[in-house]
Amino acid sequence: MTEPVLIVMCNFPDAATAERIAQRLVERRLAACVNILAPIRSIYRWQGAVEQAEEVPALIKTAASRYAALEATLLAEHPYEVPEILAVEANRGAAAYLQWVVAMTEPDEQLPDGL
């Protein structure tokens, strides 16, 4: 059995930000794949007021062992003060795909800090 795979959900303020961060996550092998979805309308409470905003959601696939580094990168590069970062374990999936996600997120020894 392969290591657990996580699906990390994160909303971004626009497509350009989502694409820039997604590119960095895949380049650093923190994510095997990032799906950038169509814009959505979010309604939420922030600093005592009900707000609305258009956001661009992304689904990030990663190995569980890479989650801490992925989260740290999102927190460092995301423009929101408190970005939505939610991870759920993929309890089932095609074995070959799950193995691919793990293989694509194995640290590359040539990158700084194993990223």
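The written sequence of each chain sets the order in which its residues are numbered from 1. At least 70 in pLDDT is required for a residue's local features to be given in this predicted model, at least 80 for side-chain atom pairs to be given and counted, and no such filter applies to totals for whole chains, interfaces and linings, which use all residues. To obtain the side-chain values, all non-hydrogen atoms of the structure were used and water was disregarded.

(A) Quick peek at the packing of aromatic side chains. Only rings of Phe, Tyr and Trp enter the pairing, Trp through its six-membered ring, and a pair is recorded when the two centres are within 6.5 Å. The plane angle decides the type: under 30 degrees is stacked, over 60 is edge-to-face, the rest tilted. Going through the model one piece at a time under the given rule, you end up with 1 aromatic pair. Between Tyr-97 and Trp-100, the ring centres sit 5.5 Å apart and the planes meet at 35°, which makes this aromatic pair tilted. With Tyr-97 and Trp-100 both in helix α3 (residues 95-104) and 3 residues apart, this pair spans about one turn of that helix. For every residue, the accessible area (1.4 Å probe, protein chains only) is compared with the maximum for its type, and the residue is labelled buried under 20%, exposed over 50%, or partly exposed between those bounds. Classification of Tyr-97 as partly exposed rests on a relative accessible area of 36%. A run of DSSP states H or I qualifies as a helix once it reaches four residues; a run of E qualifies as a strand once it reaches two. Both are numbered from the N-terminal end.

(B) Just α3, in detail. Among all positions in α3, only Leu-98, Val-101 and Val-102 are buried. The arc that holds every buried residue of α3, seen down its axis, measures 95°, which confines them to one face. Where the residues of α3 are buried, they touch β1 (5-12) and β4 (49-63). The arc under discussion is defined with respect to the helix axis, by the directions toward the C-beta atoms. Any two residues having at least one pair of non-hydrogen atoms within 4.5 Å are treated as being in contact.

(C) How the structure looks around the pattern of salt bridges. A pairing counts as a salt bridge when a side-chain nitrogen of Lys or Arg comes within 4 Å of a carboxyl oxygen of Asp or Glu. Summed over all chains, the structure comprises 3 salt bridges. A salt bridge links Arg-28 to Glu-77; the shortest N-O distance between them is 3.6 Å. Taken as a pair, Arg-28 in the loop between α1 (15-27) and β2 (33-36) and Glu-77 in helix α2 (residues 67-77) lie far apart in primary sequence, 49 residues in all. Under the relative-accessibility criterion, Arg-28 is labelled partly exposed at 27%. The exposure class of Glu-77 is buried, given its relative accessible area of 17%. One salt-bridge network, held together by shared partners, links Arg-20, Arg-24, Arg-28 and Glu-77.

(D) Focus on the pairing of β1. β1 sits mainly inside the fold: 6 of its 8 residues count as buried. When DSSP locates at least two bridges between a pair of strands, those strands are taken to pair. With 8 bridges joining them, β1 and β4 adopt antiparallel strand pairing. Pairing of Val-8 across the sheet is with Ile-60, part of β4. Here β1 runs beside strand β5 (residues 86-89); their pairing, made up of 4 bridges, is antiparallel. Looking across to β5, one finds that Val-8 is bridged to Ala-87.

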